[in-house]
Structures are given as C-alpha cells and as structure tokens.
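Per-entry structural report
Below are the chains, spelled out letter by letter.
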Amino acid sequence: MLFTAIEGLAELPFFWNNKMANNTSHNESLAPVGADQRVFGWYSHASLWFSLGVGLLVMQMGAYLVPAMGTQDALLAIVMGSVLGAGLLAWVAKIACDTGLSSAGLMHQVYGSAFARLPVLLNIVQLVGWTTFELVVMRDGTLAMFGSSWWGAALTATLLWGGVLTLLMAGSMLGLVRSFVSRFGLPLVVLSLLWLSYQFVGLLQTQGWAAFWHRPGQGEMGMLSAMDLVNAMPVSWLPLIADYARHGKDSRSALSGSWVGYAVANVWCYALGVMVVSVSAPDANLVNTLLLAQGGLLALGLILLDELDNAYGDVYSAAVNSHSLWSRLTVKHWGLSIAVVCTGLAMVLPIHDLEPFLLMLSSVFVPLYGVILGRLGAGATASEQVSVKWDAALIWVAGIAMFHAAANWAPQFGAALPSLLFSLVLAWLTRPVSEVVSHA
C-alpha cells in the first residue's frame, strides 16, 4: 500500500515532470557537476566542515554526557564517536566527488527516479525545520547577549538574522566557502573556541582539575549510547554533504578534508560542552554560562556568526533538493524563497517544542544513507535508471524499523549505529549482479 502510494506521487502536479524535466542534463541538481565547478581543495573541504561542525547545539549535546557518565568515559565516547561519525560523513563526500552528484542525485541513483522523490521531500522538510531552529538559536543568543526586554526585540533579532541569511543566498555558494569561510570565518571561530577553552580550563583548574578528571558518572548512559549521542551531529549532515563535496577537485581531498575538519570540530565542541556544564550552576543554561566567562560576549558573538554557516548550509541544500523536484526555479531562487519562509516560521513556530519531531525525522536518513553507502560505497557505478528500486526501498524501510526498535527496546546499544550497520550490510549483500561484477 505504501509503495503504491509512492508510485502515485509521480502523477501529482507537484511532482510534474515533462520530457525536459526528466532529462537530468537540464536539471543541475541531478546532473553531475562540470569540471569548471570542481574548485574545492583539501583546505576548502576542511574549513567548510570545521565551520559547520561548530555550534551552540553541539556544545549543548556534549553537556548531556555528564554527569550521566564519568569525565574520562565521556571524553573517550566523544573521540571515538566523532572519528566514526565524521568518517561516515567523509565516505559520502568521497562518493559525491567521484560521481559529481548531489544528495538528490545519489538518492535517484540508488532508489529510482520516482521513489527518490519521497526522501528528497522529507529532506526538504527537515532542512526547513533545522534552518528555522538555527534562526531561533541565533535570535535567543542575541537576546541573551544584549539582555533586551523590549517587546519587539525578538521580532527584530529574527528579522535581522533572517535578512542576513537571505542576502547570503543571493551570492555564490562556491565563492562564500572559498572567499569568506576559508579566509575569514575559520580563523575567527578557531580563535573564539581557543579563548573559551582557555577560560573554562582555567576555571576547572581553580575548582580542582583532579576532581573534574576523575569524577565518576551516575551510570545513566553506557559507552555505546553515548557514542550514539555524539554521532547524532555528524550523521545529521549525511543528507547534505554531497551537495558540497561534489565540487571537490579530487575524492581523496574530499574524503580527508571533510573527515579531519568535522571530527576536530565535533570533538572540540562536545568536549567544551562537558567543561562548561562541569563549572556551571545546576540551573544555568549554556549561553549564560558562556557569557559569564571573561571575553565571553565576543566569543559567543563569533559563534553566533558561525551558526549562520549552519543555517546557510541547510538552506542551500534544501534549494538544491527543491530544484531537483521542480527545475523551473533555479537553485538561487529556491534558496531565496526558502530563506524568507524560514524567517517567517521562526517568528511564529514554537520551534523548541518541535525539536523532538525534527530529531525523529532525522532518524529516517541514517538507514537511507546506509543503503547508499552499501550500494555505492565500494565504488560508484552507473546503473539503469528505473522508477522504483524495490530492494533498496524495502531495506530503507526495514532500517527505519530497526532504528526505532533499538531506541525503544535496547537503548543501551544506541539506535543510529545499529540501524546504519544493518542497512549498509544488507544493501551491500543484495547489490545487483552487474555492480558486484564491476567491483571484482
């Protein structure tokens, strides 16, 4: 019944496709990028994904690890989870660079041209939600910095950040990454993290470094579930990284640059979250604790500016995915429209109440990319284009069921990693014979 409905999507006006739209050479989201657009070297990949890996939400996730587990166990989980999660992210980056395909293009390749529209649409929904959430984070951080109680302060801050985001969407993604993120954004955010780390290490030394280092946990979280929490951030970028990595000059630099950049940022921010929560009062929130540090106002301001990169990354990828569905609007026009819509949503939605829904929606993309890695990860090959590849679709659905079964019945083992491993192995074992022969 589900798959009959999915096939019917192709008949709906929203998914209208004439002969021109079906030809991927006329859809820049589905066609491989040309050589003139392959401009990212190792440093561009590393700086982009370091910048996207830094954020207040990442630090908050790190704060959840303690006191549920001891300091040393928490830091071990952070390192192992970050290396593994960033490695998966980098693996997708390599595939995208090898093929020149966007996220939507990879979904079409693995799931079929009709079925792929379902995960593409779900991806757009989650990206709009996360962009809206980022705007709310930036707005709340701005209000905390300036302590404004004026009735229109929230509206003004939202419009300010939304306006800047919309202006960024009017420019070139390639130019933004190479001209601003690599040259200016990365050094500034590194300096802010260095300063905050220096401040909180000093506070920990004042309070007793040995007590912090040897502090035991309460036993509420095991190592595997902690690694699952650490993996939550890198795997959330799985549906986006191909949209950037396909612009890489070569797959080796895309793989290593993305891996190193994101892993370092993830380890740093999760560890900083552990340090911040260890010196803060039980009822204090993360932003206020950061502001109390010497120079915290400036450092927080730079991190908020870096949050803008995250929002931009979400909107750009949503635009690429939207263009794959309806190519009459260019990627730039889609980006401008989505930025405006997200700004409006940030002013009216109780987005913090919707965060659990967004995290639940993200769970469908873990097995989705497990199937993509299983089918294309050992060497991308072109395959016959059909409407629905039923075996891949069924493995994805089974992977989603595995994710939620593990979360409900065996949370101590995590949910993302078992679901990803299940879908990846099953997809690899059931590859079409032509692909198995081509890899031999």
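Residues numbered from 1 in each chain as written. Predicted model: local features only at pLDDT ≥ 70, side-chain atom pairs only at ≥ 80, totals over all residues. Heavy atoms only, no water.

Because an α-helix packs 3.6 residues into every turn, residues spaced three or four apart end up facing the same way. The end-to-end C-alpha distance of helix α16 (residues 331-348) is 26 Å, a good match for the 26 Å that 18 residues give at a rise of 1.5 Å each. Taken residue by residue, α16 has Val331, Trp334, Gly335, Ile338, Ala339, Cys342, Thr343 and Ala346 as its buried positions. Each buried residue of α16 lies within a common arc of 165° when the element is viewed along its axis, so the set occupies one face. The outward face of α16, more than 90 degrees from its buried face, is lined by the exposed residues Val340 and Val348. (Helix = DSSP H or I, 4+ residues; strand = E, 2+ residues; numbered from the N terminus. Expected span 1.5 Å × (residues − 1). Buried < 20%, exposed > 50% of the residue type's maximum accessible area, 1.4 Å probe, protein only. Arc of directions from axis to C-beta.)

What follows concerns the confidence of the model for the protein chain. As a general rule, the predicted coordinates of low-pLDDT regions are not to be interpreted in detail. Model confidence for the protein chain is summarised by a mean pLDDT of 87, while 90% of its residues fall at 70 or above. Across the protein chain, the element-wise mean pLDDT spans from 38 in helix α2 (residues 19-22) up to 97 in helix α12 (residues 242-245). Contacts of residues 1-23 to residues separated by more than four positions or lying in other chains number 25 contacts, the stretch itself having pLDDT below 50. (pLDDT = per-residue confidence, 0-100. Contact = heavy atoms within 4.5 Å.)

Of note, the bond from Val66 into Pro67 is cis; its omega dihedral lies within 30 degrees of zero at 5°. Counting through the fold element by element, Pro67 comes out in the loop between α4 (56-63) and α5 (71-99).

The final tally for this structure, using the stated rule, is 3 salt bridges. Salt-bridge contacts for Asp98 lead to Lys94; the nearest nitrogen and oxygen are separated by 2.9 Å. Placement of both Asp98 and Lys94 in helix α5 is noted, with a separation of 4 residues, approximately one turn of the helix. With a relative accessible area of 41%, Asp98 lands in the partly exposed category. Here Asp391 makes a salt bridge to Arg375, at a shortest N to O gap of 3.0 Å. With Asp391 in helix α19 (residues 390-409) and Arg375 in helix α18 (residues 365-376), this residue pair connects regions lying 16 residues apart in the sequence. Taking the relative accessible area as the measure of exposure, Arg375 reaches 4% and is therefore buried. (Salt bridge = Lys/Arg side-chain N within 4 Å of Asp/Glu carboxyl O.)

On to a nonpolar patch on the surface, then. A cluster of nonpolar side chains, contributed by Trp42, Tyr43, Val79, Val83, Trp259, Val260 and Val264, occupies part of the molecular surface with about 610 Å² of accessible area. Of all the secondary structure elements, the ones that give two or more residues to the nonpolar patch are α3 (42-53), α5 and α13 (251-279). Looking at which element gives the most residues to the nonpolar patch, the answer is α13, with 3 residues. Position of Val264 relative to the elements: it lies in helix α13. Note on Val264: relative accessible area 40%, which makes it partly exposed. (Patch = residues over 30% accessible without salt bridge, like charges linked within 9 Å, V, L, I, M, F, W, Y side chains within 5 Å. Areas by Shrake-Rupley, 256 points an atom, 1.4 Å probe, with all protein chains shown as cover.)

Below, the discussion takes up the nonpolar core. Among the nonpolar cores identified, the biggest contains 128 residues, and Trp49, Leu65, Tyr111, Phe200 and Leu290 are the most heavily contacted of them. In terms of residues, this core owes the most to one element, helix α15 (residues 296-325), which gives 13 residues. Those residues in contact with Phe200 that lie beyond four places of it in its chain are Leu272, Met275, Val276, Val279, Thr289, Leu290 and Ala293. (Core = buried A, V, L, I, M, F, W, Y, C linked by side-chain atoms within 4.5 Å.)

A few words now on the side chain of Ser423. Inspection of the secondary structure assignment puts Ser423 in helix α20 (residues 416-429). Within the structure, Ser423 has its side chain in polar contact with the backbone oxygen of Pro367 (distance 3.4 Å). A distance of 3.1 Å separates the side chain of Ser423 from the backbone oxygen of Leu420, its partner in a polar contact. (Polar contact = N/O pair within 3.5 Å; in protein donor to acceptor, adjacent residues only side chain to side chain.)

Evaluated as defined, the whole model comprises 13 aromatic pairs. A centroid spacing of 6.4 Å and a plane angle of 35° characterise the contact between Phe180 and Phe184, whose relative ring orientation is tilted. In this pair, Phe180 and Phe184 are both assigned in helix α9 (residues 173-207), 4 residues apart and thus about one turn of the helix distant. On the accessibility criterion, Phe180 (40% relative accessible area) is partly exposed. What links up through ring pairs into an aromatic cluster is the set Trp49, Trp237, Tyr244, Tyr262, Tyr312 and Tyr316. (Phe/Tyr/Trp six-rings, centres within 6.5 Å; stacked < 30°, edge-to-face > 60°.)

The contact between α9 and α15 brings their axes to 9 Å, and the two run at 145°. Note on packing geometry: the crossing formed by α9 with α15 is left-handed. Across from Met173, Leu176, Val181, Leu188, Val189, Ser192, Leu193, Trp195 and Leu196 in α9, the residues of α15 making contact are Ala299, Leu302, Ile303, Asp306, Asp309, Tyr312 and Tyr316. When grouped by side-chain class, the residues that make up the contact of α9 with α15 number 13 nonpolar, 1 polar and 2 charged. (Axes fitted to C-alpha atoms, helices over the stretch in contact; angles between N-to-C directions. Left-handed = near helix turned anticlockwise from the far one by under 90°. Nonpolar A, V, L, I, M, F, W, Y, C, P; charged D, E, K, R; others polar.)

Turning next to the environment of Leu290. Among the structural elements, Leu290 can be located in helix α14 (residues 286-292). In this structure the C-alpha to C-alpha distance between Leu290 and Phe200, which are 90 residues apart in sequence, comes to 9.1 Å.

This part takes up the environment of Gly261. Looking at the secondary structure, you find Gly261 in helix α13. Residue classification places Gly261 among the buried residues on the basis of a relative accessible area of 5%. Taking the C-alpha atoms as reference, Gly261 lies 7.9 Å from Gly53; in sequence the two are 208 residues apart. When residues no more than four places from it in sequence are discounted, the contact partners of Gly261 are Ala46, Trp49 and Phe50.

Of all 9 residues that make up helix α6 (residues 103-111), 9 are buried, and the element is covered over most of its length. For α6, the complete set of buried residues consists of Ser103, Ala104, Gly105, Leu106, Met107, His108, Gln109, Val110 and Tyr111. In this structure, the buried residues of α6 make contact with α5, α7 (117-146), α12, α15, α18 and α19. One or two steps after α6, the chain reaches Gly112, where phi turns positive at roughly 100°.

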